[in-house]
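# Residue-level structure breakdown
Listed here are the chains, written in short residue letters.
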Amino acid sequence: MKINNLGYLMKEGIRGIFLHGFMSFAAVCVTVACLLIVGTFSSLMYNLNIIVEDLNKTNEIVVYVDETLSDAEARSIGTQLNRIENVHNCVFVSREEALENFVADYAERGTFNGVDASYLRHRFVVTLEDNHLMEDTTAAIRSVSGVADISAAYELAEGFSALQDILRLASIVIIVVLLVVSLLIISNTVKLAMYDRRDEIAVMKMVGATNSFIRLPFVVEGFVLGMLGAGLAFLLEWLMYDALSSRIAAIDTLKLFNFVPFREMVWPMVATFAAAGIFVGIVGSWTSIRKFMDV
Amino acid sequence: MIEFTNVVKSYSVGTHALRGVSMQIEDGEFAFLVGPSGSGKSTIIKLITGELKPTSGMVHVNGYSLERIRKREIPYLRRTVGVVFQDFRLIESKTVYENVAFVMRAIGAGTKEIRDRVPYILELVGLETKSRRHPTELSGGEQQRLAIARALVNNPSTIIADEPTGNLDPDRSLEIMSLLQEINNLGTTMLVVTHEKDLVERFSKRVIAINEGLVVHDGMDGYYRI
Ligand SMILES: Nc1ncnc2c1ncn2[C@@H]1O[C@H](COP(=O)(O)OP(=O)(O)OP(=O)(O)O)[C@@H](O)[C@H]1O
Ligand SMILES: [Mg+2]
């Protein structure tokens, strides 16, 4: 294809956008709105994943060893614990070390000052690979001989996993629905452009224009609309995210939510928005053209 | 070359638009296709341009076999056949110049090529002074000339004109026919569909007469009889 044809196709495509200024404007607005919501959900998911990962790291099970066992016997339980599926890591903490930790943690109040280490038990701090399986894993740990007791925060771990699952499902549903909405809107805009030019299309077909040549200006039109929507949505998302995360950080003095700065996820976000824009634009116009081209 | 061999075209069960048409039009020839309303003339045109497929028989046009042409070859067939429609099918939002340039664009012609050729073609059909007008600002005869210019501009080897003098007074009709003859003299095969007995007989060309889907007369005597 000659270069000046390419120029012509681009020009025709962009002419189409202005020919239906209002419809194009509406299509871009709807695309921006949809992609903003999509982007917000993606960034929320991104942050939630990080929070849950952090939680998983700190979400430890403490396994207390029967106090009648000797030090060496107690330590040897570690190998059995490590063999259990889903156990990621298992660290032995002797009763002396445990006491030291307590004394250090409660130094101000002096609660543990003068307490003898023999009041405490040897213990293992176990972290899991997948917190969903915590119940099964704790059962397996309990059945190891020499394990006296376990303290595990099922509820917290399960709560977060469940929240993550629900949010993941919700975002997928929302993202798919909104992408389809933008797709339909762009598709309709392009369809309108084609309907307006049906006489031209009929003449082009009669004089021997190839289908792809007839199609391309409309694909360009859809592509430009999609990219315009994606670009605007991206910038808005950036502004919104920064404003929102700094506002939350100001309120959240406990640092419960640590928002990742937008800059750190610029590239994944650019990729997401660009992919969504291209997808919505090209697929939207292509599908509307197909119905028109069968002459 | 256009060649029909025992062509049958039925639209649906019962309507036989063509019932076994055989004819052959050589390159560079000028032929009239005449016949009463409903006899099958437009059906023949649509078979030539690949808009329709024959129910049976063979249609050969400029090296393409229409009974088994592939969909993506049809554009290339159509570049060899310029059609002048009875209703012109001009694009009203475009000027005379743009209407012609547009069909060059449609098959991928470059800007320079278009700039060189469009004025030449407009001069050939006598519209050089009207290039900035829109179709609605032209007379019927001028619109017909524009339609001819558009059919001609991509240099097809064949031109088919469906009732090119349908809405014109006798003087304008004669002018259009003369223009078509001139184009034929430059080497383009010309097939002209018409009802007009007087006009046909004035030009003493080959006449193919069709009635009820059959060729009833085909001769060089220039007489219109059915
Ligand atoms: N799309 C169609 N579906 C069914 N029948 C059709 C269709 N097109 C044409 N016919 C029939 O086929 C026959 C030939 O039609 P055609 O249009 O070829 O006639 P024509 O010679 O061009 O007539 P006219 O001079 O009025 O234009 C007619 O009987 C017509 O009713
Ligand atoms: Mg007809």
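So, here is what we can say about the structure in this document. (Residues numbered from 1 in each chain as written. Chains lettered and ligands numbered in written order. Predicted model: local features only at pLDDT ≥ 70, side-chain atom pairs only at ≥ 80, totals over all residues. Heavy atoms only, no water.)

Residue and element names in this part refer to chain B. Applying the stated criterion across every chain yields a total of 11 salt bridges over all chains. We note a salt bridge from R68 to E67, for which the minimum N-O separation is 4.0 Å. Judged by relative accessible area, R68 falls into the exposed class, the value being 61%. Here K130 and E142 are joined by a salt bridge, their closest N and O atoms 2.6 Å apart. One end of the pair, K130, is in the loop between α4 (111-124) and α5 (140-152); the other, E142, is in helix α5, and 12 residues separate them in sequence. The same class applies to K130 as to E142, namely buried. Counted as one network, the salt bridges with shared partners bring together E29, R206 and D218. (Salt bridge = Lys/Arg side-chain N within 4 Å of Asp/Glu carboxyl O. Buried < 20%, exposed > 50% of the residue type's maximum accessible area, 1.4 Å probe, protein only. Helix = DSSP H or I, 4+ residues; strand = E, 2+ residues; numbered from the N terminus.)

Moving on: the interface of chain A and chain B. Facing the 16 residues of chain A at the interface are 25 residues of chain B. Around 1,700 Å² of area is buried between chain A and chain B when both sides are counted, 59% of it from carbon and sulfur atoms. If you sort the residues of chain A by the area they bury against chain B, V203, M206 and V207 of chain A come out on top, with a joint share of 35%. Linking chain A with chain B are two residue pairs in polar contact (both at pLDDT 80 or more). No other element matches the five residues that helix α7 (residues 198-206) of chain A contributes to the side of chain A that touches chain B. Among the residues making up the side of chain A that touches chain B, the classes are represented as seven nonpolar, four polar and five charged. (Contact = heavy atoms within 4.5 Å. Buried area = accessible area lost by both parts, 1.4 Å probe. Polar contact = N/O pair within 3.5 Å; in protein donor to acceptor, adjacent residues only side chain to side chain. Nonpolar A, V, L, I, M, F, W, Y, C, P; charged D, E, K, R; others polar.)

It is worth spelling out the side chain of S10 of chain B at this point. If you trace the backbone, S10 of chain B turns up in strand β1 (residues 2-12). Beyond its immediate chain neighbours, meaning those up to four positions away, S10 of chain B contacts T15, H16 and T55 of chain B.

This paragraph deals with the sheet that holds strand β2 (residues 87-93) of chain A. Residues and elements named next belong to chain A. Spatially, four strands are ordered β2-β3-β1-β4 in an open sheet, and the strand pairing comes out antiparallel. Both edges of this open sheet fall to β2 and β4 (147-151), since each of them pairs with a single strand only. Taken over all neighbouring pairs, the strand axes of this sheet differ in orientation by 25° on average, direction set aside. Pairing analysis gives six bridges linking β2 to strand β3 (residues 123-128), with the strands arranged antiparallel. Looking across to β3, one finds that C90 is bridged to V126. (Pairing = 2+ DSSP bridges. Axes fitted to C-alpha atoms, helices over the stretch in contact; angles between N-to-C directions.)

This part is about the site of ligand 1. Residues and elements named next belong to chain B. As a matter of local geometry, ligand 1 sits amid Y11, A17, P36, S37, G38, S39, G40, K41, S42, T43 and H195. At 3.3 Å from an oxygen atom of ligand 1 is found a main-chain nitrogen or oxygen belonging to S39. At a separation of 2.9 Å, an oxygen atom of ligand 1 approaches a polar backbone atom of G40. Among the elements that take part in the shell around ligand 1, helix α1 (residues 41-48) stands out by supplying three residues, more than any other. When its residues are assigned to classes, the shell around ligand 1 shows three nonpolar, seven polar and one charged. (Near = heavy atom within 4 Å.)

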